[in-house]
Amino acid sequence: MSESVPDIVIPSGLLPADGRFGSGPSKVRPEAVSRLVDAAPGYLGTSHRQRGVKDLIGKVRSGLTDLFDLPAGYEVLLGNGGATALWDAAAFGLIERKSQHLSFGEFSEKFARAVASAPHLAAPQVIASELGTHPSPRPAGDVDVYALTHNETSTGVTMPVARPNGEGLVVVDATSAAGAMRVDPDEFDVYYFSPQKAFGADGGLWVAVCSPAALRRIEEIAASGRAVPPFLDLKIALDNSRLNQTYNTPALVTVFLLASQIEWMLERGGLEWAAGRCERNAGLVYGWAEASPAATPFVADSRQRSPVTATIDLVASVDGKVLSTVLRANGIVDTEPYRKLGRNQIRVGMWPAVEPEDLEALTRSIDYVIERL
Ligand SMILES: *Cc1c(COP(=O)(O)O)cnc(C)c1O
């Protein structure tokens, strides 16, 4: 960066104890890292086909069954490549012919684009809305997958997870919502995510909670003879997941951190506790922005404001790039907005692992910097 950045030192008494406010990868709890270090000699560098790793994957699957209070017949699938890989896997193994996509930011748009290029599918129906809002699904007779996004991380917009009246699987990108927002499993068929957001782990893995109808769809497409690359084959992922394995080698650190975070959430009261904490966190950040003469929540409708990723617009006299850079120099990192949104904005991750006291300290630190810019 060529522009000069003012040399503002935030007093240590104002600073948060932990300065990680990214929207993903997000803060990894130091206690989880310590547990990993303790477990490392018997775990890291051991075979994922043996009990040590398989038991942990089993814990992830049963822990998520508890966390989401899954009805009988739902199953937890895992594979490598993160949510982005699941979009391609869905194009091969979940969409029969045509999908409908609600497009309201970078991630929901990317899924629609991935499907649009699949030669074996009909052109997807894409319903878009202005950035900072969300569209609603429209029941359609020829649609067999409705693609929803519980939290659009790029714009900080959340939408309800609810079945449209109609046939078709409800397939929800919950990458930044799972583990941080309440959800009713009766309202979805696939609820998928990566572990580096609310689960405070590392990336590289995808997890998909699947309803009986979704499992049937996976079996039916597999039996239909459609050509599917094995790495993206959800039937192979299903068969491996049932054995507490993945098709190829997973990142063992990611599996460990994910399992510890699920256990940590369950010990504290599960999803209700995690969602309550995120709401409290969000109340602090949006409350600060509404009271500040320099800031305004980007999402106008308070019901659509994300409880996990707050997007906050700044007045023209405060340069968001300079603000984030000064914060970074003071150890407060990753408050930069989504790069392609192109607004004078900051974005703040308010995940279950982020302490409310640290968010209060963040807002005080921001006020301190703004007064001196
Ligand atoms: C981060 C994110 C993704 C991409 O996750 P990867 O693990 O990088 O593939 C997809 N969708 C949403 C909503 C996200 O927040």
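Everything below is about the structure printed above this text.
These figures come from a predicted structure and were not determined experimentally.

*Asks:* Just checking my understanding: could you explain the packing of aromatic side chains for this structure?
*Replies:* Centre distance and the angle of the planes are the two values used to describe a pair of aromatic rings. With the rule as written, the count across this model stands at nine aromatic pairs. A ring pair is formed by Trp264 and Trp273, whose centres lie 5.1 Å apart and whose planes are at 90 degrees; its orientation type is edge-to-face. A relative accessible area of 11% places Trp264 in the buried class. Residue Trp273 is classed as partly exposed on the basis of its relative accessible area of 22%. An aromatic cluster of three or more residues is present, and its members are Phe68, Tyr74, Phe188, Tyr191, Phe193 and Phe199.

*Asks:* For this particular structure, what's the right way to read the nonpolar core?
*Replies:* Here is a general trend for soluble globular proteins: nonpolar side chains tend to be buried in one another's company. In this structure, Leu64, Phe68, Phe188, Tyr191, Tyr192 and Phe199 are the most contacted members of the largest nonpolar core, which totals 84 residues. Top element by residues in this core is helix α7 (residues 252-268). It accounts for nine residues. Judged by nonpolar contacts, the second largest core, of 34 residues, contains Val308, Val322, Met350 and Val354.

*Asks:* Is there a simple way to think about the site of the ligand in this case?
*Replies:* Neighbouring the ligand are 13 residues; Thr84, Thr153, Asp173, Ser194 and Lys197 lie closest to it. Within the side chain of Thr84, a nitrogen or oxygen atom sits 2.6 Å from an oxygen atom of the ligand. Within the side chain of Ser194, a nitrogen or oxygen atom sits 2.7 Å from an oxygen atom of the ligand. Protein burial of the ligand: of its 390 Å² of free accessible surface, 87% is covered by the chains. Residue contributions to the shell around the ligand peak at four residues, all from helix α3 (residues 82-93).

*Asks:* Help me understand the sheet that holds strand β1 (residues 75-80), please; the structure alone is not making it clear to me.
*Replies:* Taken together, the seven strands give an open sheet; going across it, the order is β1-β9-β8-β7-β4-β2-β3, and neighbouring strands pair in mixed fashion. Both outer strands of the open sheet, β1 and β3 (125-128), are each paired with one neighbouring strand and no more. Here the average twist between neighbouring strands, direction ignored, is 20 degrees. Of the strand pairs in this sheet, strand β2 (residues 99-103) and β3 are connected by four bridges, and their pairing is parallel. Across the sheet, the residue bridging to Leu102 is Ile127, located in β3.

*Asks:* Got a minute to help me understand the environment of Asp38 in this structure?
*Replies:* Relative to the elements of secondary structure, Asp38 occurs in helix α1 (residues 30-43). The class of Asp38 is exposed, set by a relative accessible area of 64%.

Basis of the calculations
Residues numbered from 1 in each chain as written. Predicted model: local features only at pLDDT ≥ 70, side-chain atom pairs only at ≥ 80, totals over all residues. Heavy atoms only, no water. Phe/Tyr/Trp six-rings, centres within 6.5 Å; stacked < 30°, edge-to-face > 60°. Buried < 20%, exposed > 50% of the residue type's maximum accessible area, 1.4 Å probe, protein only. Core = buried A, V, L, I, M, F, W, Y, C linked by side-chain atoms within 4.5 Å. Helix = DSSP H or I, 4+ residues; strand = E, 2+ residues; numbered from the N terminus. Near = heavy atom within 4 Å. Polar contact = N/O pair within 3.5 Å; in protein donor to acceptor, adjacent residues only side chain to side chain. Areas by Shrake-Rupley, 256 points an atom, 1.4 Å probe, with all protein chains shown as cover. Pairing = 2+ DSSP bridges. Axes fitted to C-alpha atoms, helices over the stretch in contact; angles between N-to-C directions.

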